[in-house]
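# Coordinates in review
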There are 2 protein chains.
Amino acid sequence: MHVGQKLQEQAATGRPGISFEYFPPKTAQGVQNLYDRMDRMHDLGPAFIDVTWGAGGSRSELTCEMVRIAQTVFGLETCMHLTCTDMPRERVDAALEAAYNAGCTNILALRGDPPREQEKWEAAEGGFRYAKDLVKYIREKYGNHFDIGVGGYPEGADDNSDVDQLIDHLKEKVDAGSTFIVTQMFYDVDNFLNWVDKCRAKGINAAIIPGIMPISTYDAFMRRSNWTKIRIPPDWLEKLEPVKADDAKVREIGSKLVAEMCRKLLASPQIHHLHFYTMNLAQATRLILEELKLLPSEEAPLHKPLPWRRSLGLRRRSEDVRPIFWRNRNASYIARTADWDEYPNGRWTDARSPAFGELNAYGVRLKGTNEQNIKLWGAPKSIKDLSDIFLRYLNGKLERLPWSDSSVTPETSDIHNELVDLNKRGFLTINSQPAVNGVKSTDPVHGWGPRNGFVYQKAYLELLVPPEHVDELLRRIEKNPDLTYYCVNKTGELKARSDEGPNAVTWGIFASKEIIQPTIVESVSFMAWKDEAYQLGDDWAKCHPADSPSRKLLQRVMDEWYILNIVNNDFHKKDDIFRLFDGLVIKDFETEVTGTAPVVANGTN
Amino acid sequence: MHVGQKLQEQAATGRPGISFEYFPPKTAQGVQNLYDRMDRMHDLGPAFIDVTWGAGGSRSELTCEMVRIAQTVFGLETCMHLTCTDMPRERVDAALEAAYNAGCTNILALRGDPPREQEKWEAAEGGFRYAKDLVKYIREKYGNHFDIGVGGYPEGADDNSDVDQLIDHLKEKVDAGSTFIVTQMFYDVDNFLNWVDKCRAKGINAAIIPGIMPISTYDAFMRRSNWTKIRIPPDWLEKLEPVKADDAKVREIGSKLVAEMCRKLLASPQIHHLHFYTMNLAQATRLILEELKLLPSEEAPLHKPLPWRRSLGLRRRSEDVRPIFWRNRNASYIARTADWDEYPNGRWTDARSPAFGELNAYGVRLKGTNEQNIKLWGAPKSIKDLSDIFLRYLNGKLERLPWSDSSVTPETSDIHNELVDLNKRGFLTINSQPAVNGVKSTDPVHGWGPRNGFVYQKAYLELLVPPEHVDELLRRIEKNPDLTYYCVNKTGELKARSDEGPNAVTWGIFASKEIIQPTIVESVSFMAWKDEAYQLGDDWAKCHPADSPSRKLLQRVMDEWYILNIVNNDFHKKDDIFRLFDGLVIKDFETEVTGTAPVVANGTN
């Protein structure tokens, strides 16, 4: 979606919009950390994010990759920066194509800083000299596919302090086809608003988005201010200087100062949106938003169009049906379906389901190094040890499990006690949702979709069960006509209630819409998930040395236990599923596996 | 669906199945009456119907047409009879093609009686001599598309009384590829069951369906029995002879006798289905079914796969979404969508909606002759007169209105008082459904779809409103965010709440299924319906002479009034829609239109 449209939508709500800017980190670990942060910062509700252009070979590739991951995996509407610096036309073409293929529809066209070794800016051979040339080129090449923004300089650019001349340049950039302006950082609000008036007086009608730089540390604040030569209000220095050695204090006072400045900006009828230079950090930005009361809250919850995070990848925007199995493995689902030509829209179609990608794509295999995972989950030696790990996850003490990328969701609280009971007894639950019999679509826990609607869920439970209890469990399930199930082991012996079709387990009823049914349970995708689920368990086992008790325990569970999923099709009933397990006791629950097997035998695994 | 599959499904329920046989009537009026009767007899729950082959030119065409109407309009699974008599191969080919195109998948292959002028049976040139040849031919030409049945003769055929030889012929017919046997009429159960045993002993394993001839009058009973030379149990004659002049008495006693015979048949483990020779009449068959307690009831309701009658036309079986507007105009909807290549399945798609057929197809224009309609609806002169007509329909005193082909449905009883109130005040309602917030899919009034499901409806109201109240009504509707609407007049000025998509107003949640949403409200089809609705009103006006008050009244209403439909998207609320009309009074409600306009002016209409 275009930034322009996002701004309009946001304006209609009467609530200011926000956006976050990130830059490509220098190390692989930095990239992973940033991804985790971008993912979490989605929940702060940015209308869009920016990814700056990483000038030079691999860093520019990283920009394209970050744009792709943000769009497709995190469902963040992204604006990709593109500079003229050091960019021959072919590289601009490649970058635009990468953005297009990522589903990205917004470009911020900049001239860019001169390369470090050069003092003065020069165009690359066959490249573009001014941002306006880049704007024109993108418009010519892609028509209206991209919304194009440009930079604004309320206090002058580093090689040009003539603000009025820069406004003339800005007018040319807008006339060339850009529709929004993101400004450089500043702290002098009066000067900024004066500059906005000047822009308007010159006939610049594009939306103006002030760029806000949070204050993390006193040093960074001073360095950046000096470097960009921006004015700092004298009282800011008076307040910050005395506490400059205390980072926490600087952040606290700084966030209040910046928040106050934002309040003044938003009081202007020209300003409806704040763009944050996050410097790849969450906390300073979050503090300002908290101060401004702009964080999602019970009164103004984050709008969830669907119960799962929508991907904004190319051709994926209309996707609105997914199997429940990857509920806690979003990145993996995106990766394993990346090659689909079309995405289920309205209903799950047979043609689609078989084509799940292989298990070696990005995000599919177990996260973390062996060491990290052993640190996280320890070295379980018995079913009871496993049970303890699952309980720690359920109680919010573990951030992930092999089958869940992120920590337990608030939705689970409805059935927390039942899940705890099952896991305490060694029935290891890997996915679940409680029954919901029509709550308002604005419900803070279960709600999703447009206002004035009602959402529903069938109770769902997926868990690992030891082979000795499978027959009895299936017998109990079959006795209740409202329950349907799939049960499979690693070798793929599938058992199911006969006549199973795609079963919609989450749906919503809205005004003037067809029914939306975003989550289904279905056999072909379950079999694809089963491969992944056992692979994740095998990966976990292999974190441990070949002859270790933990390796043997985990491998045995993966080799012998079944994955069972159960749907209660009567969504009025809350706990029939849990009653199925009454009285079942897992044998050798506390028995510790010993590490006596010959090394060779384990080595062949 | 194949008769064989129907028999299997029926057997699985443990309840005997029934089927009805009809023959092509000789007059156009007879055809229309039979269609009405077939439509009504759908509700007696036949697993399928038979249409006999009308030997000779136009009568055979009528068979094909009846098969098509039964399949597509009435949603009756049909078995078409086909005989060898007087049928060169090309005519057999044409008949099979017609059956195929009608969506028919069952053929009863018969040799047929010799043509009247001939004493002895002879094959047509290039035609088929025996039914087994016809069976083989159909199998060769259509593979397994058609299920093929053949005739059985428990008491001999009219030109062959050697029952054992006939069983040998039957074996040949079954071996040639037929899978079920429908027998000639009989009344001697012991002889029949003995014959069944003989068939089984000869290795005939096809399903055997006894043909049951109800008793309508004594004369017909005796004539048919003599003609077919079948045995009548002596006690039957003893019971019927004394009352032979009293048709009602004959039917009463006859239905008890035939019911008793059916009970004996069904007591045999070989017999699970009864085939009724209805002779195109409903009552005698219905009496027997009543006696046998085989009529749909609260305990064993007629299974409705969808809230509307499913068409079984070619390519139409998977259709499961329709606009609500034709709810009471099924034949018209079928006709206006007959040319579609695909039918909405799962959801309503944009591509589909514009292609509604013209208003001149069969079943679209106003039913009945001018005289019949004036007799039915009288000569209204005021809005109050119209109001009275609509009230009579609502109270079950009128079998149809221009916008409703059949009488008021039980479903309406939930909102009967509200509808009566509106119509009493001159707001003329032409379609409606009450809100249903999740009742079991087996609910006798609102239920549909598989067992163990829940069905829902949003309240819907469609009515004619005079122009002077439109603005106020729309103002009231817009005040309630749960209400959406379309409002249009004859010239097509459409008003609607902005951002309207297809709105699912009926849906069902079932075990192991995606959500089914069989009824929607949507603008493009509403505009197609609007043309039809005003055309029907114009047709009604034109039943009356050009300068008559009724013509002028009806024409004025059609030219000036709006059609307004309203959906309450909050399906928990029962009567918000009706409250919208509080306090609105239609002007000149009782004023009678006079017939003074010059004939010429009206004549140009």
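This text follows the structure it describes.
This text gives an overview of the structure that appears in the document. (Residues numbered from 1 in each chain as written. Chains lettered and ligands numbered in written order. Predicted model: local features only at pLDDT ≥ 70, side-chain atom pairs only at ≥ 80, totals over all residues. Heavy atoms only, no water.)

### Notes on the overall build of chain A
Our working definition: Under the DSSP-based scheme used, a helix requires at least four consecutive residues in state H or I and a strand at least two consecutive residues in state E, with every element numbered from the N terminus. Between the two quantities, the radius of gyration covers C-alpha atoms and the globule rule is 2.2 Å times the number of residues to the power 0.38. Categorising residues by exposure relies on relative accessible area from a 1.4 Å probe, with only protein chains included: less than 20% of the type maximum marks a residue as buried, more than 50% marks it as exposed, and the intermediate range marks it as partly exposed. A 1.4 Å probe and the Shrake-Rupley method give the accessible areas. Residues count as covered only by the protein chains that appear here. A residue counts as positive if it is Lys or Arg and as negative if it is Asp or Glu; His and the chain ends are not included. By convention, the point assigned to a charge is CZ for Arg, NZ for Lys, CD for Glu and CG for Asp.
Counting its regular elements, chain A contains 20 helices and 18 strands. Here chain A has a C-alpha radius of gyration of 27 Å; the compact-globule value for 605 residues is 25 Å, and the two agree. Dimensions of chain A, computed from C-alpha atoms along their principal axes, come out at roughly 80 × 60 × 50 Å. A burial count over chain A gives 54% of its 605 residues as buried. Put simply, chain A shows about 25,500 Å² of open surface, and 49% of that area lies on carbon and sulfur atoms. Computing the positive centroid from 76 side-chain charges and the negative centroid from 86, chain A places the two 1 Å apart.

### A word on the relation of the copies chain A and chain B
Formally: Least squares is the method for superposing the copies, and the C-alpha atoms it fits come from residues with pLDDT of at least 70 in both.
Its rotation angle being 180°, the transformation that places chain A on chain B also includes 0.0 Å of axial translation and leaves an RMSD of 0.1 Å. The symmetry that links the two subunits is that of a two-fold axis.

### Looking at the packing of helix 7 (residues 189–201) of chain B against helix 10 (residues 247–267) of chain B
Residues and elements named next belong to chain B. This is how it is decided: Orientation is described by axes fitted as lines to C-alpha atoms, over the contacting stretch for helices, and by angles from 0 to 180 degrees between their N-to-C directions. If an angle is under 35 degrees, it is roughly parallel; if it is over 145, roughly antiparallel; if it lies from 65 to 115, roughly perpendicular; otherwise it is oblique. By convention the crossing between two helices is left-handed if the near helix lies anticlockwise of the far one by an angle smaller than a right angle, and right-handed if it lies clockwise. Should any heavy atoms of two residues lie within 4.5 Å, those residues are considered in contact.
Viewed as axis vectors pointing N to C, helix 7 and helix 10 meet at an angle of 25°, and their least axial separation amounts to 10 Å. The angle between the axes of helix 7 and helix 10 places the two elements in the roughly parallel class. The handedness of the crossing between helix 7 and helix 10 is right-handed. Judged by residue contacts, Val 189, Phe 192 and Leu 193 of helix 7 engage Met 261, Lys 264 and Leu 265 from helix 10.

### What to know about unusual backbone geometry
Residues and elements named next belong to chain B. Phi is positive for Met 279, which is not a glycine, with a value near 55°. Mapped onto the elements, Met 279 comes out in the loop between strand 8 (273–277) and helix 11 (283–291). Although it is not a glycine, Lys 293 adopts a positive phi angle of roughly 55°. Take Lys 293: it is sitting in the loop between helix 11 and strand 9 (322–323).

### Examining a negative patch on the surface
In plain terms, the rule: Patch membership requires more than 30% relative accessible area and the absence of a salt bridge. Residues of like charge join within 9 Å; the nonpolar side chains Val, Leu, Ile, Met, Phe, Trp and Tyr join within 5 Å. Here, a salt bridge means any side-chain nitrogen of Lys or Arg that lies within 4 Å of a carboxyl oxygen of Asp or Glu.
Taken together, the side chains of Asp219(A), Asp246(A), Asp247(A) and Glu252(A) present a region of like negative charge at the surface. With respect to the secondary-structure elements, Glu252(A) resides in helix 10 (residues 247–267).

### Focus: the sheet that holds strand 1 (residues 17–22) of chain A
All names here are of chain A. Short version of the rule: A pair of strands is treated as paired once DSSP finds two or more bridges between them.
Ordered by their spatial adjacency, 8 strands build a closed barrel running 1-2-3-4-5-6-7-8, and the pairing between neighbours is parallel. With direction set aside, neighbouring strand axes in the sheet form an average angle of 30°. Of the strand pairs in this sheet, strand 5 (residues 147–152) and strand 6 (residues 180–185) are connected by 4 bridges, and their pairing is parallel. Looking at strand 6, one finds that Gly 152 is bridged to Thr 183. Relative to the sheet, helix 4 (residues 89–101) contacts strand 3 (78–83) and strand 4 (106–110), its axis offset from that of strand 3 by approximately 180°. Sheet strands touched by helix 5 (residues 131–142): strand 3, strand 4 and strand 5. Its angle to strand 4, the strand with the most contacts, is close to 150°.

### Quick notes on the packing of aromatic side chains
All names here are of chain A. Put simply, the rule is: Here the aromatic set is Phe, Tyr and Trp, taking the six-membered ring for Trp, and pairing holds for ring centres within 6.5 Å; pairs whose planes are under 30 degrees apart are stacked, those over 60 apart are edge-to-face, and all others are tilted.
Enumeration over the complete set of coordinates arrives at 61 aromatic pairs over all chains. Each ring, one from Tyr 456 and one from Phe 571, has its centre 5.8 Å from the other, and the planes form 85°; the classification is edge-to-face. Of this pair, Tyr 456 sits in strand 12 (residues 454–457) while Phe 571 sits in the loop between strand 18 (562–568) and helix 19 (576–579), and the two are 115 residues apart along the sequence. Aromatic rings pair up to connect Phe 325, Trp 326, Tyr 333, Trp 340, Tyr 343, Trp 348, Phe 356, Tyr 486, Phe 526 and Trp 529 into one cluster.

### Quick notes on the nonpolar core
Short version of the rule: Nonpolar core, defined: a set of buried Ala, Val, Leu, Ile, Met, Phe, Trp, Tyr and Cys residues in which side-chain atoms within 4.5 Å join the residues together.
Among the nonpolar cores identified, the biggest contains 98 residues, and Met38(B), Met80(B), Leu82(B), Tyr187(B) and Trp195(B) are the most heavily contacted of them. By residue number, the principal contributor to this core is helix 10 of chain B, which donates 7 residues. With residues up to four places along the chain from it excluded, the contact list for Met38(B) reads Tyr22(B), Ile49(B), Met66(B), Ala70(B), Phe74(B) and Leu76(B). Core analysis: the second largest hydrophobic core is formed by 97 residues, Ile18(A), Ile69(A), Met80(A) and Phe276(A) among them.

### Examining the interface of chain A and chain B
Heads up, the rule is: Note: buried area is the sum, over both parts, of the accessible area (probe 1.4 Å) each one loses when the two are combined. Pairs of N or O atoms are called polar contacts if they sit within 3.5 Å, as long as, within protein, a hydrogen donor faces a hydrogen acceptor (for residues adjacent in sequence, only side-chain-to-side-chain pairs). Each residue gets one label: Ala, Val, Leu, Ile, Met, Phe, Trp, Tyr, Cys and Pro are nonpolar, Asp, Glu, Lys and Arg are charged, and the others, such as Gly, are polar.
Listed per partner, the contact involves 32 residues of chain A and 32 residues of chain B. Regarding the contact of chain A and chain B, the summed buried area is about 2,600 Å², with carbon and sulfur atoms giving 49% of it. Three residues stand out in chain A for area buried against chain B, namely Arg347(A), Ser512(A) and Glu514(A), and they jointly supply 26% of the buried area on that side. Applying the counting criterion to the chain A and chain B interface returns 0 salt bridges. Between chain A and chain B we count 20 residue pairs in polar contact (both at pLDDT 80 or more) in total. Residue contributions to the side of chain A that touches chain B peak at 4 residues, all from strand 16 (residues 503–509) of chain A. Taken together, the residues of the side of chain A that touches chain B sort by class into 13 nonpolar, 11 polar and 8 charged.

### Topic: helix 4 of chain A
Residues and elements named next belong to chain A. Inclusion rule: Here a helix's expected span is defined as the number of its residues, less one, multiplied by 1.5 Å. In this context, the arc is that of the directions from the helix axis out to the C-beta atoms.
A rise of 1.5 Å per residue sets the reference length of helix 4, with its 13 residues, at 18 Å; its end C-alpha atoms lie 18 Å apart and thus fit the reference within 8%. Inspection of helix 4 places Val 92, Ala 95, Leu 96 and Ala 99 among the buried residues, and these make up the whole buried set. Each buried residue of helix 4 sits inside an arc of 95° when the element is viewed along its axis, so together they form one side. Elements that come into contact with the buried residues of helix 4 comprise helix 3 (57–72), strand 3, strand 4 and helix 5. Residue Gly 103 follows helix 4 closely and has a positive phi angle near 90°.

### Quick notes on the sheet that holds strand 14 (residues 483–488) of chain A
Residues and elements named next belong to chain A. Overall, antiparallel pairing links the 5 strands, which are arranged 10-13-18-14-15 in an open sheet. Two strands bound the open sheet, and with one partner strand each, they are strand 10 (428–433) and strand 15 (495–496). Inspection of the sheet shows strand 14 paired to strand 15 by 2 bridges, in the antiparallel sense. Bridge pairing links Tyr 486 to Ala 496 in strand 15. The strands touched by helix 15 (residues 416–424) within the sheet are strand 10 and strand 13 (459–465), with strand 10 carrying the most contacts at an inclination of about 160°. On the sheet, helix 17 (residues 523–542) packs against strand 13, strand 14 and strand 18 and is oriented at approximately 45° with respect to strand 14.

### Side note on the pairing of strand 6 of chain A
Residues and elements named next belong to chain A. We apply this condition: The definition of a right-handed crossover adopted here requires that, viewed with the strands pointing away, the path from the first strand over the helix to the second runs clockwise.
Strand 6 sits mainly inside the fold: 5 of its 6 residues count as buried. You can see the chain leave strand 5, run along helix 6 (residues 163–175) and come back into strand 6, and the turn it takes is right-handed. In this sheet, strand 7 (residues 207–212) lies alongside strand 6 in parallel orientation, the contact comprising 4 bridges. Within strand 7, the residue paired with Val 182 across the bridge is Ile 209. As for the winding sense of the linkage, the β-α-β connection from strand 6 through helix 7 (residues 189–201) to strand 7 is right-handed.

### Digging into the environment of Gly57(A)
Looking at where Gly57(A) falls in the secondary structure, it is placed in helix 3. Taking the C-alpha atoms as reference points, Gly57(A) and Gly211(A), 154 residues apart in sequence, are found 27 Å from one another.

### Section: the state of the cysteines
Residue and element names in this part refer to chain A. Put simply, the rule reads: Cysteine sulfur atoms are paired as a disulfide whenever they come within 2.5 Å of each other.
The final tally for this structure, using the stated rule, is 0 disulfides over all chains. No disulfide involves Cys 64; its nearest neighbouring cysteine sulfur is the one of Cys 104, lying 9.3 Å away. The thiol of Cys 199 is unpaired, and the distance to the nearest cysteine sulfur, on Cys 79, comes to 18 Å.

Bear in mind that shape data such as this cannot, by itself, settle questions of function.
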